[in-house]
Amino acid sequence: MNKTQIVSALAEKAGISKVDAANYVNTIFGVIADNIVEGDGLVAIPDFGRFSIKHVAERQGVNPSTGEKITIEARDKVVFKASDSLCYYSRKHCK
């Protein structure tokens, strides 16, 4: 599912226009992104999951075109860990 499909599904389920749904989706994504980047780096949604920042240490790699060894710099990345009860959030039965 992509963003356009999320907007369409929200508009249909909430009985609102696609323009309003797009504004809501953009706002929610913006709030999540702002908190991850500039806030405490954690967004936890009960029964859905949590977005957080994970530090990846510097490591050695190999350039696939030349075979030359390279150093891949340390960085922070966003990770998502789904809740064990994610299926309850969608109101479907867990298997």
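Residues numbered from 1 in each chain as written. Predicted model: local features only at pLDDT ≥ 70, side-chain atom pairs only at ≥ 80, totals over all residues. Heavy atoms only, no water.

### Notes on the domain arrangement of the protein chain
We count it as follows: Each domain's limits were defined by an automated method or a database of domain assignments.
Splitting the protein chain by domain gives domain 1 (1-39) and domain 2 (47-84). One C-alpha centre belongs to domain 1, the other to domain 2; they are set 27 Å apart.

### Let's talk about helix α2 (residues 18-38)
Here is the rule we go by: By definition, any uninterrupted DSSP run of H or I lasting at least four residues is a helix, any uninterrupted run of E lasting at least two residues is a strand, and each is numbered from the N terminus. By this rule the span expected of a helix is its residue count minus one, scaled by 1.5 Å. A 1.4 Å probe rolled over the protein chains alone gives each residue an accessible area, and that area as a share of the maximum for its type sets the label: buried under 20%, exposed over 50%, partly exposed in between. To be clear, the arc concerns the directions from the helix axis to the C-beta atoms.
Look at α2: 29 Å from first C-alpha to last across 21 residues, which is about the 30 Å you get at 1.5 Å a residue. Those residues of α2 lying buried are A21, V25, I32 and I36. Buried residues in α2, looked at end-on, bunch into an arc of 35°, giving them a common side. Along α2, exposed side chains directed more than 90 degrees from the buried face belong to V19, V31, V37 and E38.

### Overview of the sheet that holds strand β1 (residues 42-45)
For clarity, the threshold we go by: Between any two strands, at least two bridges found by DSSP are needed for them to pair. To obtain an axis, a line is fitted to C-alpha atoms, over the contacting stretch when the element is a helix, and the angle between two such axes runs from 0 to 180 degrees between their N-to-C directions. Contacts are residue-level and defined by heavy atoms, with any inter-residue pair within 4.5 Å sufficient.
Within the open sheet, the three strands sit side by side as β1-β2-β5. Their pairing is antiparallel. Of all the strands in the sheet, just β1 and β5 (75-82) have a single pairing partner and so form its edges. Across this sheet, the average inter-strand angle for adjacent strands is 25°, counted without regard to direction. Strand direction decides the pairing type here: strand β2 (residues 49-56) and β5, joined by eight bridges, are antiparallel. Of the residues in β5, the one forming a bridge with R50 is K81. Packing against the sheet, α2 makes contact with β1, β2 and β5, and its axis sits at approximately 135° to β1.

### Some thoughts on the packing of aromatic side chains
The condition is simple: Only rings of Phe, Tyr and Trp enter the pairing, Trp through its six-membered ring, and a pair is recorded when the two centres are within 6.5 Å. The plane angle decides the type: under 30 degrees is stacked, over 60 is edge-to-face, the rest tilted.
Taken as a whole and assessed by the stated rule, the structure comprises two aromatic pairs. An angle of 55° between the planes, with centres 5.6 Å apart, marks the rings of F48 and F80 as tilted. Pair noted here: F48 is in the loop between β1 and β2 and F80 is in strand β5, with a separation of 32 residues, a long-range link. For F48, a relative accessible area of 26% translates into the label partly exposed. Given the relative accessible area of 38%, F80 is considered partly exposed. On the basis of an interplanar angle of 45° and a centroid distance of 4.8 Å, the ring pair of F51 and F80 is categorised as tilted. With F51 in strand β2 and F80 in strand β5, the pair connects residues that are 29 residues apart, well separated along the chain. The structure contains a cluster of three or more aromatic residues connected by ring pairs, namely F48, F51 and F80.

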